[in-house]
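Summary of the model geometry
The chain contents come next:
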Amino acid sequence: AQSVTQLDSQVPVFEEAPVELRCNYSSSVSVYLFWYVQYPNQGLQLLLKYLSGSTLVKGINGFEAEFNKSQTSFHLRKPSVHISDTAEYFCAVSASFLGTQGGSEKLVFGKGTKLTVNP
Amino acid sequence: DAGVTQSPTHLIKTRGQQVTLRCSPKSGHDTVSWYQQALGQGPQFIFQYYEEEERQRGNFPDRFSGHQFPNYSSELNVNALLLGDSALYLCASSLYPAGQGAETQYFGPGTRLLVL
């Protein structure tokens, strides 16, 4: 079974400052990793994903994340945040194989990190 | 490109009632997953439908049931509602098989259910 720990429940930063949102996972199998963003009263939007290949993944809105297998981490970074980045960010993991039954592997989410960007 | 749509957006029910939530997957997708997001928590997997069958199920009681139609849309039914069922219910879609996006799920805006 997989699990995800998001180490910070809240991260306040000033506009134009860099930010790192931390995510650690636990799994006995190879995994896919995802970051989703949720703006107030909305659903989840995919920011970026790691499936295989390069460990540095670039996503939308200037975000990037680095997969570190030895530290079982997938931290999200942005070099300069904007007010509009204020939202909740969720790290998620799924097993990187599909059973013969079809469909997709379920996502296991962390509890989320609320990013607040202040002027 | 039509994304994932859900209806209704909000719903208020009383304890003991039954509710049906609806989801239309992203155009071209054939797999629908349902998640429950309680206030202040991350989404939790309820179940997944592919080829009109429940393929995976999370740790939710039998009061939670679902259906997938031939056009890939899906319903989530919850019977005998409890106060603790109040949450945002999210639908996600993907495309099987592997290599064609099955590893990535795209979410709808959710249905917010309040049980009084």
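Up top you'll find the structure we're talking about.
One structure accompanies this document, and this report is about it. Residue positions are counted from 1 within each chain, in the order its sequence is given. All chains are assigned letters beginning with A, and all ligands numbers beginning with 1, in the order in which they are written. Where local features are concerned, this predicted model is filtered to residues with pLDDT of at least 70; where side-chain atom pairs are given and counted, the filter is 80 or more; whole-chain, interface and lining totals use all residues. With hydrogens and water excluded, all non-hydrogen atoms of the structure serve as input to the side-chain values.

1. Some details on the interface of chain B and chain A
Here, residues are in contact when the closest pair of their heavy atoms is within 4.5 Å. Taken together, the contact pairs 27 residues of chain B with 24 residues of chain A. Values labelled buried area give the accessible surface lost by two parts on being combined, using a 1.4 Å probe and summing over both. Taking both partners together, chain B and chain A bury about 2000 Å²; carbon and sulfur atoms supply 53% of that area. The term salt bridge refers to a side-chain nitrogen of Lys or Arg lying within 4 Å of a carboxyl oxygen of Asp or Glu. Counting across the interface, chain B meets chain A through 0 salt bridges. Think of a polar contact as two N or O atoms within 3.5 Å of one another; within protein, one of them needs to be a possible hydrogen donor and the other a possible acceptor, and neighboring residues in sequence only count if both atoms come from side chains. Summed over the shared surface of chain B and chain A, the result is 4 residue pairs in polar contact (both at pLDDT 80 or more). Counting from the N terminus, the helices are the DSSP runs of H or I reaching at least four residues and the strands are the DSSP runs of E reaching at least two. Where the side of chain B that touches chain A is concerned, the elements lending two or more residues are β4 (31-37), β5 (44-50), β6 (53-57), β9 (87-94) and β10 (106-107) of chain B. Residue classes follow a fixed rule: Ala, Val, Leu, Ile, Met, Phe, Trp, Tyr, Cys and Pro count as nonpolar, while Asp, Glu, Lys and Arg count as charged, and any other residue, Gly among them, counts as polar. Looking at the side of chain B that touches chain A residue by residue, the class counts come to 13 nonpolar, 11 polar and 3 charged.

2. Remarks on the environment of Leu21 of chain B
Residue and element names in this part refer to chain B. Its location among the elements puts Leu21 in strand β3 (residues 19-24). You can call Leu21 buried: its relative accessible area is 0%. Along the backbone, Leu21 and Ala87 are 66 residues apart, and their C-alpha atoms lie at a distance of 12 Å. If we ignore the near neighbours within four places in the chain, the residues touching Leu21 are Ser7, Pro8, Leu11, Trp34, Ser74, Glu75, Leu76, Tyr89 and Thr111. Exposure categories follow from relative accessible area, calculated using a 1.4 Å probe and restricted to protein chains: below 20% of the type maximum is buried, above 50% is exposed, and the middle band is partly exposed.

3. Some details on the nonpolar core
Residue and element names in this part refer to chain A. Residues Leu33, Trp35, Leu47, Leu48, Phe74, Leu76 and Tyr89 are the most contacted members of the largest nonpolar core, which totals 29 residues. Mapped by element, the contributors of at least two residues to this core are β2 (10-14), β3 (19-21), β5 (31-38), β6 (44-50), β8 (64-68), β9 (73-78), β10 (87-95) and β12 (113-118). Beyond its immediate stretch of four places on either side in the chain, Phe74 contacts Cys23, Leu33, Phe34, Trp35, Leu48, Lys49, Tyr50, Ala65, Glu66 and Phe67. Only buried Ala, Val, Leu, Ile, Met, Phe, Trp, Tyr and Cys residues count toward a nonpolar core, and they belong to the same one when joined by side-chain atoms within 4.5 Å.

4. Describing the pairing of strand β11 (residues 111-115) of chain B
Residue and element names in this part refer to chain B. Alternating positions in β11 separate cleanly, Thr111, Leu113 and Val115 being buried on one face and Arg112 and Leu114 remaining unburied on the opposite face. At least two bridges found by DSSP between two strands is the condition for calling them paired. With 4 bridges joining them, strand β2 (residues 10-13) and β11 adopt parallel strand pairing. Each bridged residue has a counterpart across the sheet, and for Lys13 the counterpart in β11 is Val115. In this structure, β9 lies alongside β11, joined through 3 bridges in antiparallel fashion. Across the sheet, Tyr89 pairs through a bridge with Thr111, a residue of β11.

5. Quick look at the sheet that holds strand β1 (residues 5-7) of chain B
Residue and element names in this part refer to chain B. Here we have 4 strands laid out as an open sheet, ordered β1-β3-β8-β7, and antiparallel in their pairing. Whereas interior strands pair on both sides, the edge strands pair on one side only; in this sheet they are β1 and β7 (64-68). Taken over all neighbouring pairs, the strand axes of this sheet differ in orientation by 20° on average, direction set aside. Across 3 bridges, the pairing between β1 and β3 is antiparallel. Within β3, the residue paired with Thr5 across the bridge is Ser24. Angles here are taken between N-to-C directions and fall from 0 to 180 degrees, while the axes themselves are lines fitted to C-alpha atoms, restricted in helices to the stretch in contact.

6. Some words on unusual backbone geometry
Residues and elements named next belong to chain B. A cis amide bond links Ser7 with the next residue in sequence, Pro8, at an omega value of -10°. Phi at Glu51 takes a positive value of approximately 50°, unusual for a residue other than glycine. Along the chain, the position of Glu51 falls in the loop between β5 and β6. Owing to a relative accessible area of 51%, Glu51 belongs among the exposed residues under this scheme.

7. Side note on the state of the cysteines
Residues and elements named next belong to chain A. For the purposes of this analysis, a disulfide is any pair of cysteine sulfur atoms at a distance within 2.5 Å. This model, assessed by the stated rule, comprises 2 disulfides over all chains. Note on cysteine connectivity: Cys23 is disulfide-linked to Cys91, with sulfurs 2.0 Å apart. Because the torsion about its S-S bond is -65°, the bridge between Cys23 and Cys91 counts as left-handed. Of this pair, Cys23 sits in the loop between β3 and β4 (24-26) while Cys91 sits in strand β10, and the two are 68 residues apart along the sequence. Classification of Cys23 by relative accessible area gives buried; the value is 0%. Note on Cys91: relative accessible area 0%, which makes it buried.

8. Things to note about the pattern of salt bridges
Residues and elements named next belong to chain A. This model, assessed by the stated rule, comprises 9 salt bridges over all chains. Across the salt bridge formed by Arg77 and Glu66, the nearest N and O atoms sit 3.6 Å from each other. Here Arg77, found in strand β9, pairs with Glu66, found in strand β8; they are 11 residues apart in sequence, far enough to count as distant. By relative accessible area, Arg77 is classed as partly exposed at 27%.

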